[in-house]
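# A look at the structure
Here is how the chains run, residue by residue.
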Amino acid sequence: MGDDVMAITPITDLPGLQTRVRLMAGIEQEELDNETLDILISIASEWFLEQIGSAYVIGSEAAYDNAVMYYSCYLASIAQNGMGIERIQVGDLAVYYEGEQFIHFKELAEQQLVMKQSLSIKTTAYNANPWTGDVNWKKNVTGVDSTKDMYPKPRGTGGE
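We now turn to the structure provided with this report.

## Topic: the overall build of the chain
Tallying secondary structure elements over the chain gives five helices and two strands in all. Taking all 160 residues of the chain together, 25% fall into the buried category. Sequence-distant contacts, at least 24 apart, represent 49% of the contacts inside the chain between residues at least 6 apart. Accessible area for the chain stands at about 11,400 Å²; split by element, carbon and sulfur atoms hold 55% of it.

Here's what the structure looks like:
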């Protein structure tokens, strides 16, 4: 690594996650305090639980950290700027709201989960037999050797 390249440190604690959310969403401490940001991160963790089926632990996987960070950015942007308000008019003053820019944080969060889930197939012991066509798919995906044979073995291959 050269002098102009900075190593990215992994997220290991809540203040590190808060710092990244603030940086990515462009939100200052004065605009959204730590207590409110903690609530938003908690909501993002609940979203993670619904998507993955396991509780989010800070620092467990970089892709999971990024997914929760991006979803927290999405929620923080909504909390800071409002959501669902298309137009407010008071007398001669009219305010229009454009929320499509925030949806990119949600899409990034979903992409992180999809990427992590699609790359999590165990590849160390792929057990396909090219001569008989047997593949234990359950063992390839989860590592558990319990797939039932759906078809009988062909005659003449030693499986009679």
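Moving on, there is more to tell.
## A closer look at the packing of helix 1 (residues 14-25) against helix 3 (residues 62-81)
Relative orientation of the contacting elements helix 1 and helix 3 amounts to 55°, with a least axis distance of 9 Å. In terms of axis orientation, helix 1 runs oblique to helix 3. Both helix 1 and helix 3 take part in a crossing whose hand is right-handed. Across the interface between the two elements, Leu17, Arg20, Val21, Met24 and Ala25 of helix 1 pack against Asp65, Asn66, Val68, Met69, Tyr70, Ser72, Cys73, Ala76 and Ser77 of helix 3. When the residues that make up the contact of helix 1 with helix 3 are grouped by side-chain class, the tally is nine nonpolar, three polar and two charged.

## A few points about the packing of helix 1 against helix 2 (residues 34-52)
Working note: a packed helix pair is described by the angle between its axes plus the distance between those axes. Contact geometry of helix 1 with helix 2 gives a least axis separation of 11 Å together with a crossing angle of 95°. Between helix 1 and helix 2, the interaxial angle falls into the category roughly perpendicular. Contacts between helix 1 and helix 2 involve Leu14, Leu17, Gln18, Val21 and Arg22 from the first element and Asn34, Leu37, Asp38 and Ile41 from the second. When its residues are assigned to classes, the contact of helix 1 with helix 2 shows five nonpolar, two polar and two charged.

## Remarks on the nonpolar core
Ranked by internal contacts, the top residues of the largest apolar core, which has 28 residues, are Leu17, Val21, Trp47, Phe48, Tyr71 and Tyr74. Secondary structure elements with two or more residues in this core: helix 1, helix 2, helix 3 and helix 4 (103-118). The element that contributes the greatest number of residues to this core is helix 3, accounting for 11 residues.

## Side note on the pattern of salt bridges
All chains considered together, the criterion is met by one salt bridge. Taking the shortest distance from any N to any O, the salt bridge between Glu110 and Lys106 comes out at 3.8 Å. A residue pair is termed a helical-turn pair when its members lie 3 or 4 positions apart in one helix, as Glu110 and Lys106 do in helix 4 at four residues.

Rules and cut-offs
Residues numbered from 1 in each chain as written. Predicted model: local features only at pLDDT ≥ 70, side-chain atom pairs only at ≥ 80, totals over all residues. Heavy atoms only, no water. Helix = DSSP H or I, 4+ residues; strand = E, 2+ residues; numbered from the N terminus. Buried < 20%, exposed > 50% of the residue type's maximum accessible area, 1.4 Å probe, protein only. Contact = heavy atoms within 4.5 Å. Areas by Shrake-Rupley, 256 points an atom, 1.4 Å probe, with all protein chains shown as cover. Axes fitted to C-alpha atoms, helices over the stretch in contact; angles between N-to-C directions. Parallel < 35°, antiparallel > 145°, perpendicular 65-115°, else oblique. Left-handed = near helix turned anticlockwise from the far one by under 90°. Nonpolar A, V, L, I, M, F, W, Y, C, P; charged D, E, K, R; others polar. Core = buried A, V, L, I, M, F, W, Y, C linked by side-chain atoms within 4.5 Å. Salt bridge = Lys/Arg side-chain N within 4 Å of Asp/Glu carboxyl O.

The values reported here are purely geometric and, on their own, carry no functional implication.
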